[in-house]
Amino acid sequence: MHDTLMIKLGDLANSARRHRRISPVEAFKRLWPLARRHRLLMLVSALGLVVSAACDTAAIQVFEYLTDHVLTTGRIGAFWIPAGIWLAVAVLGASATFVGSYTASWVGEHCLLEFRDRVFRHVQRLPPDFFDNRQTGDLVARLTSDIDAMEPLMASTPVTLVNTAVSMVFFAGAALWVRWDLALMTFAAAPLFWFAARVFSSRIRGVTRDERDANGALTTALEENLANMTLVQAYNREETEREKVHREGLAWLRNAVAAYRLSYAYGPLAEVIETVCVLAVVGAGAWEISAGRLTLGGLLAFAAYIGYLFPHIQSLGSIAIGLSSSTAAAERVFEVLAVQPSVQDAPGIRPSRPGPGARGVISFEQVAFTYPGSQRRILEDLSCTAWPGQLVLLDGPSGAGKSTLAKLLLRLYDPAEGRITLDGVDLRDLTLRELRDQVTLVPQETMVFHGTIRENIAYGRPGATGADVRQAAVDADLDGFVSDFPDGYDTVIGQNGRLLSGGQRQRLAIARAIIRDTPVLILDEPTTGLDDESAARVMAPLRRLMGSRTTFLITHDQALATQADVVLPVTPGAGPHPRIPAAGPSRARAAVDYVPDSYWR
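So, a few notes on the structure that sits alongside this text.

Rules used throughout
- Residues numbered from 1 in each chain as written.
- Predicted model: local features only at pLDDT ≥ 70, side-chain atom pairs only at ≥ 80, totals over all residues.
- Heavy atoms only, no water.
- Helix = DSSP H or I, 4+ residues; strand = E, 2+ residues; numbered from the N terminus.
- Buried < 20%, exposed > 50% of the residue type's maximum accessible area, 1.4 Å probe, protein only.
- Contact = heavy atoms within 4.5 Å.
- Pairing = 2+ DSSP bridges.
- Patch = residues over 30% accessible without salt bridge, like charges linked within 9 Å, V, L, I, M, F, W, Y side chains within 5 Å.
- Areas by Shrake-Rupley, 256 points an atom, 1.4 Å probe, with all protein chains shown as cover.
- Salt bridge = Lys/Arg side-chain N within 4 Å of Asp/Glu carboxyl O.
- Phe/Tyr/Trp six-rings, centres within 6.5 Å; stacked < 30°, edge-to-face > 60°.
- Lys NZ or Arg CZ within 6 Å of the ring centre and 35° of its normal.
- Axes fitted to C-alpha atoms, helices over the stretch in contact; angles between N-to-C directions.
- Expected span 1.5 Å × (residues − 1).
- Bend = angle between axes of the 7 residues up to and from the residue.
- Core = buried A, V, L, I, M, F, W, Y, C linked by side-chain atoms within 4.5 Å.
- Parallel < 35°, antiparallel > 145°, perpendicular 65-115°, else oblique.
- Left-handed = near helix turned anticlockwise from the far one by under 90°.
- Nonpolar A, V, L, I, M, F, W, Y, C, P; charged D, E, K, R; others polar.

On to the overall build of the chain, then. Scanning the chain from terminus to terminus reveals 21 helices and nine strands. Taking all 601 residues of the chain together, the buried fraction comes to 45%. Sequence separation of at least 24 residues holds for 79% of the intrachain contacts in the chain that already meet a minimum separation of 6.

Once that is clear, we can look at the sheet that holds strand β1 (residues 362-370). The four strands lie next to each other as β2-β1-β4-β5, forming an open sheet whose pairing is antiparallel. Strands with a single pairing partner mark the edges of an open sheet, and in this sheet they are β2 (377-386) and β5 (425-426). Pairing geometry for strand β4 (residues 417-422) and β5, over two bridges, is antiparallel. In the sheet register, T421 faces β5, and the bridge partner there is D426.

As a further point, take a nonpolar patch on the surface. On the surface, L40, L41, L43, V44, L47, F98, V99, Y102 and W106 cluster together to form a nonpolar patch covering roughly 860 Å² of accessible area. Per-element accounting of the nonpolar patch gives the leading share, five residues, to helix α3 (residues 39-71). Tracing the backbone shows L47 in helix α3. What makes L47 partly exposed here is its relative accessible area of 48%.

To continue, consider the pattern of salt bridges. Enumeration according to the criterion identifies 18 salt bridges in this entry. Two residues, E114 and R118, come together in a salt bridge whose shortest N-O distance is 3.0 Å. Taken as a pair, E114 and R118 lie in helix α4 (residues 80-124) at a separation of four residues, close to a single helical turn. Under the relative-accessibility criterion, E114 is labelled buried at 15%. Accessibility expressed as a relative area gives 40% for R118, which makes it partly exposed.

With that out of the way, let us pick up the packing of aromatic side chains. What describes a pair of aromatic rings is the distance from one ring centre to the other and the angle between the planes of the rings. For the structure shown, the criterion picks out nine aromatic pairs. Consider the rings of F98 and Y102, whose centres lie 5.7 Å apart with planes at 10 degrees: the pair is stacked. Here the residue F98 and the residue Y102 both occupy positions in helix α4, the gap between them amounting to four residues, near one helical turn. Measuring from ring centre to ring centre gives 5.1 Å for F130 and F131, while their planes differ by 90 degrees; the resulting arrangement is edge-to-face. Given a relative accessible area of 1%, F130 falls into the buried group. Note on F131: relative accessible area 36%, which makes it partly exposed. Clustering of aromatic rings is evident, with ring pairs tying together F369, Y371 and Y413. The ring of F334 has R30 lying over it, and the distance from NZ or CZ to the ring centre is 3.9 Å.

The next point concerns the side chain of D146. Its location among the elements puts D146 in helix α6 (residues 136-149). Residues contacting D146, with those up to four places away along its chain left out, are A141, R212, A329, R332 and V333.

With that out of the way, let us pick up the sheet that holds strand β7 (residues 520-524). Pairing is parallel across the open sheet formed by five strands, whose spatial order is β6-β7-β8-β3-β9. The sheet is open, and its two borders are formed by β6 (439-442) and β9 (566-569), each paired with just one other strand. When strand polarity is set aside, the average angle formed by the axes of neighbouring strands in this sheet is 20 degrees. This element, helix α13 (residues 402-409), spans β3 (391-395), β6, β7, β8 (550-554) and β9 of the sheet and lies at about 145 degrees to β8.

The end-to-end C-alpha distance of α6, which contains 14 residues, comes to 19 Å, matching closely the 20 Å that a straight helix rising 1.5 Å per residue would cover. Residue R142 marks the point of greatest curvature in α6, where the axis turns by about 35 degrees. Here α6 has its buried residues at G137, D138, L139, A141, R142, L143, D146 and I147.

Along the chain, the position of G424 falls in the loop between β4 and β5. Judged by relative accessible area, which is 33%, G424 ranks as partly exposed.

Before going further, it helps to examine the nonpolar core. In terms of nonpolar packing, the biggest core is built from 35 residues, with I457, L478, L508 and L542 touching the most fellow members. L542 has contacts with I510, L523 and P526, leaving out every residue within four places of it along the chain. M42, L126, V159 and F334 belong to the second-largest nonpolar core, a separate cluster that totals 32 residues.

Even without a glycine there, the phi angle at D423 is positive, about 55 degrees. Secondary-structure assignment places D423 in the loop between β4 and β5. One non-glycine residue, D517, adopts positive backbone phi at about 55 degrees.

Looking now at α13. Burial analysis of α13 places six of its eight residues in the buried class, the great majority of the element. Residues of α13 that are buried include every one of K402, T404, L405, A406, L408 and L409, and no others. Within two residues after α13, R411 carries a phi angle of roughly 60 degrees, on the positive side.

Locating S342 in the fold gives a position in the loop between α12 (296-338) and β1. When the C-alpha atoms of S342 and L412 are compared, they prove to be 7.2 Å apart, with 70 residues separating the residues in sequence. Ignoring sequence-local partners within four residues, the contact set of S342 consists of P127, L412 and Y413.

Our next topic: the packing of α4 against helix α7 (residues 151-178). Their axes nearest at 8 Å, the elements α4 and α7 cross at an angle of 160 degrees. Viewed along their axes, α4 and α7 adopt a mutual orientation that is roughly antiparallel. For the pair α4 and α7, the sense of crossing is right-handed. Facing α4, whose interface residues are A104, V107, G108, C111, L112 and F115, α7 presents E151, M154, A155 and V159. Within the contact of α4 with α7, the residues separate by chemical class into eight nonpolar, one polar and one charged.

Honestly, it's all geometry; don't read function into it.
Structure follows, in structure tokens:
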């Protein structure tokens, strides 16, 4: 009951963290270090857009001159010089717009790439329980569409704000120069735009967050169905799964439509406000023209300045609404970044023993472990030593903690108490890369990548030659059937190795472990799901792989258990007591509490 309560409390804490709101300013501050590297290009972009705004202002002045000195007087000779100036200004403005817009987009996309790389690097360091407790599809959505939606926070919004502010100064100043009294009258409408944007942005943010969550749920449903389509078809569950996908799609649609409704409502409302202001200006201007205090060109120029000014005022509201959507996406990505790795290299740690050529003596010294968020002790006071050439069988019921030992050996977690050493060196005194270069895991679920057989084998040792790959395949009893494929080792095996049988995939995993060639080997149920013939073909290369390595074997196969040098019974919450099987190999060595320094010197 206590464990259940703690888990529920943990879920509530996660839920609170998951729905923590941050402001756009806070999000921008966290992302600014990425954009700061490109600040020179951002300055170029801003200057380009500022020049574009200045050209728009100059074009309006040229238009005013043409209206008063050519159109109203009919002097065609006065047309050509201002027309040439107008064309030159238009070309300059178009070029500046291209440079400013393209540069901002270039910076934004490069910031997204770097940020996605950083987030993925962080995800790679997270413990297994992080992935066990989260839906893969939702994580994919956060790493793709959510990060894409954050682009305005990284580059385009700061540039747009600078351009908008400068443009507003240009157009407002020009309007004041033409008729300051009419300009002040129109400026009074600006707070209406601000109020409308504030109301809409506060509402659209919550709706957008729900839409992003719904998109993640839909992605998860699709990913699970595509991955398990054979099971769905075999059990005639197509209709059920269609309904599930439709239900998630409908939830996403409702939130997306709500976001569109709010977003699209702001634009027309702003246009109505702008139209009222323009009509007021035209009416007042007509009165001034009738009184002889304003020319037609002046009125048209003033109206043009206001016509350019209001869209920029309106764009401030659009920016606020866009930032609300971007911030909602940022919240979901920051939730992933808030999860801390369970283990990491100690600050300032330097490469230590063992380096290349480690012997592989593993010692557990009074090790105890409890999973994060749980009060149940998985391991308690575990002390034993495994020597090179020994096969150590981890024996116990499901959930007893056998796989936990493998995770501790790889430092996916650290012991709560005690320590584990490799050749006399505490694992925590090694870098993660150092340690994992000495340990090979052959997991229960054979993992292969979409690629060629050669690439999947060479995955165990980057830079392996073709001869190395071929020899590993021969040692794993893999070469025979690979040669039957028309493309041989360059055969693409498909998603999850669909072109290979279970036994062939397992032998491919063994070939990958052989080419990795580390002193410590962990085998997790290597023959599960295989028939006797396939299991026998897998065990032959496995025995060669074990060789002089320190091998930990997790299995319920009694035929394999009889080959163990040391049996390590694993019982939840109790300290295992190693024993040597009566029929075990003669080389078996009794477990000890320490490794003599003289052994690895």
